[in-house]
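A structural walkthrough
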Amino acid sequence: DDQAGLMRAMQQQQQQVVANLKTQPSSGRLVITISTDLAKWANTNADVALRDGDVISIPKRPDYVVVNGQVYNPTAVSFTPGRNAEWYLQRAGGPTDLANKKAIFVVRVNGSVVADKGKALSSRMQPGDAIVVPDKVVGGSNTWKYLLNIAQITTAIALATSVATR
């Protein structure tokens, strides 16, 4: 029965998302962009106050682009200047049949997100950026679809953070 199969697929997807959310630690990080010219960023949004216990971490500049989600080979691809997200996506085998191809997005190394599919796939990538190919949502309510999207973004940011800090 098609209805029973859809219900099983939806339940399996929900269980996997909940399990992934439980294992993703909150990064609690704040990404700021600064320059060597202190006067340029003093008294801007990047000029944040530090509190007792805060840690400043300046990771090495990565030399890869992460491709994650519903691709045939989720991986980090060596950075090649001038290449766009579509090129990196193909290096990871491209989207699977379970991919939501209309919702592919890029998480920039500075934490910003390019979510418009046309712009995301044509974006010139920078070292440390991540391409995320989300799951196709199987049935469910709008609340479930929203939760799945949030879970996938959270997972993508956590992955990019963990790879960047290694």
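Above this text sits the structure in question.
An account of the accompanying structure is given in this report. (Residues numbered from 1 in each chain as written. Predicted model: local features only at pLDDT ≥ 70, side-chain atom pairs only at ≥ 80, totals over all residues. Heavy atoms only, no water.)

Burial of the side chains of strand β5 (residues 130–133) extends over both faces: Ala130 and Val132 are buried on one face and Ile131 and Val133 on the other. Relative to β5, strand β1 (residues 64–69) runs parallel, the two sharing four bridges. Considered in β5, the bridge of Asn68 is made with Val132. Pairing geometry for strand β3 (residues 105–107) and β5, over three bridges, is antiparallel. Each residue of the ladder has a partner; that of Phe105, found in β5, is Val132. (Buried < 20%, exposed > 50% of the residue type's maximum accessible area, 1.4 Å probe, protein only. Helix = DSSP H or I, 4+ residues; strand = E, 2+ residues; numbered from the N terminus. Pairing = 2+ DSSP bridges.)

Right, let's get into the pattern of salt bridges. Enumeration over the complete set of coordinates arrives at one salt bridge. With a closest N to O distance of 2.6 Å, Arg108 and Asp129 form a salt bridge. Residue Arg108 is found in the loop between β3 and β4 (113–114), and its partner Asp129 is found in the loop between α4 (117–122) and β5; the two are separated by 21 residues along the sequence. The class for Arg108 is buried, based on a relative accessible area of 18%. Note on Asp129: relative accessible area 1%, which makes it buried. (Salt bridge = Lys/Arg side-chain N within 4 Å of Asp/Glu carboxyl O.)

A few words now on a positive patch on the surface. On the surface, a cluster of positive charge is made up of Lys101, Lys102, Lys117 and Lys136. With respect to the secondary-structure elements, Lys102 resides in the loop between α3 (85–91) and β3. (Patch = residues over 30% accessible without salt bridge, like charges linked within 9 Å, V, L, I, M, F, W, Y side chains within 5 Å. Areas by Shrake-Rupley, 256 points an atom, 1.4 Å probe, with all protein chains shown as cover. Lys, Arg positive; Asp, Glu negative; His and termini not counted. Charge placed at Lys NZ, Arg CZ, Asp CG, Glu CD.)

A large share of β1 lies buried, amounting to five of its six residues. Sheet topology places β1 next to strand β2 (residues 75–78); four bridges connect them, and they run antiparallel. Residue pairing for β2: Val66 is matched across the bridge by Ala76. Here β1 folds back onto β2 in antiparallel fashion, the turn holding five residues.

All right, on to a nonpolar patch on the surface then. There is a patch of nonpolar side chains on the surface, built from Val48, Leu50, Ile56 and Ile58 and spanning about 430 Å² of accessible area. Topologically, Leu50 is positioned in the loop between α2 (38–41) and β1. Under the relative-accessibility criterion, Leu50 is labelled exposed at 54%.

Moving on to the nonpolar core. In this structure, Val67, Tyr88, Leu89, Val106, Met125 and Ile131 are the most contacted members of the largest nonpolar core, which totals 18 residues. Among the elements that line this core, the one with the most residues is α3, at four residues. Ignoring any residue separated from it by four or fewer positions in sequence, one finds Val67 in contact with Pro74, Thr75, Val77, Tyr88, Leu89, Ala92 and Ile131. Counting six residues, the second largest nonpolar core, distinct from the first, contains Val66, Val107, Ala130 and Val132. (Core = buried A, V, L, I, M, F, W, Y, C linked by side-chain atoms within 4.5 Å. Contact = heavy atoms within 4.5 Å.)

Here we come to the sheet that holds β3. Sheet architecture is open: five strands sit in the order β2-β1-β5-β3-β4, paired in mixed fashion. Two strands lie at the open edges of the sheet, namely β2 and β4, each paired on one side alone.

Time to look at the packing of aromatic side chains. Per the stated rule, a full pass over the model turns up one aromatic pair. Aromatic pair Trp87 and Tyr88: ring centres 4.9 Å apart, planes at 85°, arrangement edge-to-face. On the accessibility criterion, Tyr88 (0% relative accessible area) is buried. (Phe/Tyr/Trp six-rings, centres within 6.5 Å; stacked < 30°, edge-to-face > 60°.)

This brings us to the side chain of Thr96. Inspection of the secondary structure puts Thr96 in the loop between α3 and β3. A polar atom in the side chain of Thr96 sits 2.8 Å from the side chain of Gln70. The residues touching Thr96, leaving out its near neighbours within four places in the chain, are Gln70, Val71, Tyr72 and Lys101. (Polar contact = N/O pair within 3.5 Å; in protein donor to acceptor, adjacent residues only side chain to side chain.)

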